[in-house]
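# Chain and residue survey
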Amino acid sequence: MSGNNLLGRLLMAVAITLGLGAFSPAAKARPAYETTKVAPGLYSFGGGLAFNAFMITDDGVVVMDSFDKDFAEASLEAIRKLTDKPIRYLVYSHNHYDHISGGEVFKAEGATILSHDATANWLKNHPSPDVVVPDKTWSGSKSELRLGNSLINLVYFGANHGEGMTVFQFPNEHAIYTVDLVVPHRVAFAYMPDFSPREW
Ligand SMILES: [Zn+2]
């Protein structure tokens, strides 16, 4: 009898362990990300202080910054609620891993990964297993990324924060997407990490 009780307790312990295991994915809920329509075809996605941008054009989707794998997967899900067009480009804003990890999610969708050459050069010298090295680069102070009838100006103002910091300008939508240079409630994160004020 006591042997059966022991077996029963063991089985109960196993069941609880399995039960906890089964519920653990739900416990790791995603942050409350939201998609915001900025203009026709242009969206902001994210939550808290992390927002990327994506543009749905006639010829596919351009994504700006992936942040990390979980964010990238959530971002892709949000895009797929709006369109089944191919992801054509993932464009990096700058070299910091917290903005550009998880690019493999979009690469697996067939995206070309694009960055300023200063960003790509830094990444080649500082590889991270979480960051995909860009497939293509642009150089100088401005480049036009045209897709379908849409235009995104990629603008580099020189050394300011990180390497190859790109400001995305959407001339038709009268909007920009910029990261880390402009931060809500603070100036330059208050302590100016990896900024280059002497170059301004
Ligand atoms: Zn940064």
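The rules behind each value
- Residues numbered from 1 in each chain as written.
- Predicted model: local features only at pLDDT ≥ 70, side-chain atom pairs only at ≥ 80, totals over all residues.
- Heavy atoms only, no water.
- Salt bridge = Lys/Arg side-chain N within 4 Å of Asp/Glu carboxyl O.
- Helix = DSSP H or I, 4+ residues; strand = E, 2+ residues; numbered from the N terminus.
- Buried < 20%, exposed > 50% of the residue type's maximum accessible area, 1.4 Å probe, protein only.

In this section: the pattern of salt bridges. Applying the stated criterion to the full structure yields four salt bridges. Close ionic contact of E73 with K69 constitutes a salt bridge, the shortest N to O distance being 3.2 Å. Placement of both E73 and K69 in helix α2 (residues 69-80) is noted, with a separation of four residues, approximately one turn of the helix. Its relative accessible area of 42% is what places K69 among the partly exposed residues. With a closest N to O distance of 3.2 Å, E109 and R80 form a salt bridge. Taken as a pair, E109 in the loop between α4 (104-107) and β6 (112-116) and R80 in helix α2 lie far apart in primary sequence, 29 residues in all. In this structure E109 comes out as partly exposed when scored by relative accessible area, which is 34%.

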